[in-house]
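Coordinate inspection notes
Take a look at the letters that make up each chain.
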Amino acid sequence: MSEVEPAGLSKSQRAYQWIKGGIARQELTPGYRLVLASIATELDMSVVPVREALRQLEAEGLVTFERNVGARVSMVDDSGYRHSMAALAVLEGAATALAAPHLSATDVRAARDVNALMIRTLEDFDPRVFTRLNEEFHATLYARCPNPRLVELVAAEWARLGHLRDSTFSFVPGRAQESVAEHEQLLALIERQAPAAEIETAARRHRCNTLEAYLDTCPDPDHPGEAPASLHLDGTVPTRRTER
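Because the structure is a prediction, the values reported are computed rather than measured. (Residues numbered from 1 in each chain as written. Predicted model: local features only at pLDDT ≥ 70, side-chain atom pairs only at ≥ 80, totals over all residues. Heavy atoms only, no water.)

So, on to the overall build of the protein chain. From N to C terminus, the protein chain includes ten helices and three strands. Written out in order from the N terminus, the α and β elements of the protein chain read α-β-α-α-β-β-α-α-α-α-α-α-α. Across the 244 residues in the protein chain, those meeting the buried criterion constitute 44%. Only carbon and sulfur atoms are counted for the fraction: they give 52% of the accessible area of the protein chain, which is about 12800 Å². (Helix = DSSP H or I, 4+ residues; strand = E, 2+ residues; numbered from the N terminus. Buried < 20%, exposed > 50% of the residue type's maximum accessible area, 1.4 Å probe, protein only. Areas by Shrake-Rupley, 256 points an atom, 1.4 Å probe, with all protein chains shown as cover.)

For the rest of this paragraph, the subject is the packing of helix 5 (residues 105–121) against helix 9 (residues 175–191). One way to put it is that helix 5 packs onto helix 9 with a least axis distance of 10 Å and a crossing angle of 165 degrees. Overall, the two elements helix 5 and helix 9 adopt an arrangement that is roughly antiparallel. Crossing of helix 5 against helix 9: the hand is left-handed. In this structure, helix 5 uses Val108, Ala111, Arg112, Asn115, Met118 and Ile119 to contact helix 9, whose residues at the interface are Val180, His183, Glu184, Leu187, Ala188, Ile190 and Glu191. Classifying every residue of the contact of helix 5 with helix 9 gives eight nonpolar, two polar and three charged. (Axes fitted to C-alpha atoms, helices over the stretch in contact; angles between N-to-C directions. Parallel < 35°, antiparallel > 145°, perpendicular 65-115°, else oblique. Left-handed = near helix turned anticlockwise from the far one by under 90°. Contact = heavy atoms within 4.5 Å. Nonpolar A, V, L, I, M, F, W, Y, C, P; charged D, E, K, R; others polar.)

We now examine the pattern of salt bridges. Under the definition given, this model contains twelve salt bridges. Here Glu92 makes a salt bridge to Arg207, at a shortest N to O gap of 2.6 Å. Here the residue Glu92 occupies a position in helix 4 (residues 78–99), and Arg207 occupies one in helix 10 (residues 196–217), the gap between them amounting to 115 residues. Considered together, Glu92 and Arg207 belong to a single accessibility category, that of buried residues. Connected through shared salt-bridge partners, Arg112, Glu184 and Glu191 make up one network. (Salt bridge = Lys/Arg side-chain N within 4 Å of Asp/Glu carboxyl O.)

Right, let's get into the packing of aromatic side chains. To describe a pair of aromatic rings, one takes the distance between the centres and the angle between the planes. Under the definition given, this model contains three aromatic pairs. The structure contains a cluster of three or more aromatic residues connected by ring pairs, namely Phe125, Phe130 and Phe169. Here the basic side chain of Arg55 rests over the ring of Phe65, its NZ or CZ set 3.8 Å away from the ring centre. (Phe/Tyr/Trp six-rings, centres within 6.5 Å; stacked < 30°, edge-to-face > 60°. Lys NZ or Arg CZ within 6 Å of the ring centre and 35° of its normal.)

What follows concerns the nonpolar core. Among the nonpolar cores identified, the biggest contains 21 residues, and Met118, Phe137, Leu141, Ile190 and Ile199 are the most heavily contacted of them. Mapped onto this core, the elements with two or more residues apiece are helix 5, helix 6 (127–142), helix 9 and helix 10. In terms of residues, this core owes the most to one element, helix 9, which gives six residues. Among all residues touching Ile190, those that are not within four sequence positions of it are Ala100, Leu103, Val108, Leu141 and Ile199. Membership of the second largest hydrophobic core comes to 18 residues, among which are Tyr16, Ile19, Leu54 and Val73. (Core = buried A, V, L, I, M, F, W, Y, C linked by side-chain atoms within 4.5 Å.)

Time to look at the sheet that holds strand 3 (residues 70–73). Strands sit in the order 1-3-2 across an open sheet of three strands; the sheet is antiparallel. With one partner strand each, in any of the chains shown, strand 1 (33–34) and strand 2 (63–66) form the two edges of the open sheet. Bridge analysis of strand 2 against strand 3 gives four bridges, and the strand direction is antiparallel. Pairing of Thr64 across the sheet is with Arg72, part of strand 3. (Pairing = 2+ DSSP bridges.)

This part covers helix 5. It helps to recall that an α-helix has 3.6 residues per turn; residues three or four apart then point in one direction. For helix 5, spanning 17 residues, the distance from its first C-alpha to its last is 24 Å, which sits close to the expected 24 Å at 1.5 Å a residue. Among the residues making up helix 5, those that are buried are Asp107, Val108, Ala111, Val114, Asn115, Met118 and Thr121. Buried residues of helix 5 fall within an arc of 135 degrees about the axis and therefore sit on the same side. Along helix 5, the residues that are exposed and aim more than 90 degrees away from the buried face are Ala105 and Arg120. Residues of helix 5 that are buried make contact with helix 6 and helix 9. (Expected span 1.5 Å × (residues − 1). Arc of directions from axis to C-beta.)

Quick look at the structure:
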């Protein structure tokens, strides 16, 4: 059992947040070796809670363990990014649909305010700022999902994407304008209390569109010379088609 500190945060949770924060800020870069003893000393705790934190991060795909080496920050993997986006399309679509009946007028207004800010940033575009606001927008919509496990899974995929790609919009800046328009469409569906299936499909298609824009711009490095794949609405990335 993890030791609990006075503030109510366990030592393993504090270690988890410290390591994850370092990865998010790119202070702990892909391939960086995570030495248990060094982290424990830095955080003034034993290695036990650090090991617990690393195992949790391993489950999220942010850390990998190598035999005779130990823990390392996971390497950037383009296929991992594509599959995480596909998984997020399914998970977030479901979470948003389930959350929709529980969203208040205040929640919807908050999401629309964030989207309005996103639109203003298009004039002096900063992909990192746009991505941060994009995450805030979607979190506002799915946070009310009555299934807490689903919310955890969505948040974990967002965190994994942050590690795999600094910002998708850095690669496809033109997608940003389409994205905010799709946000407005999604909000309109929620406001008119559209059927859950319709909201889920719209949320899932929105995520699919972002991935497809990325695939159009950044071909698969493992299959050069091939046409980009489309993402099916069931969340799968089909085999790429060779250009004829």
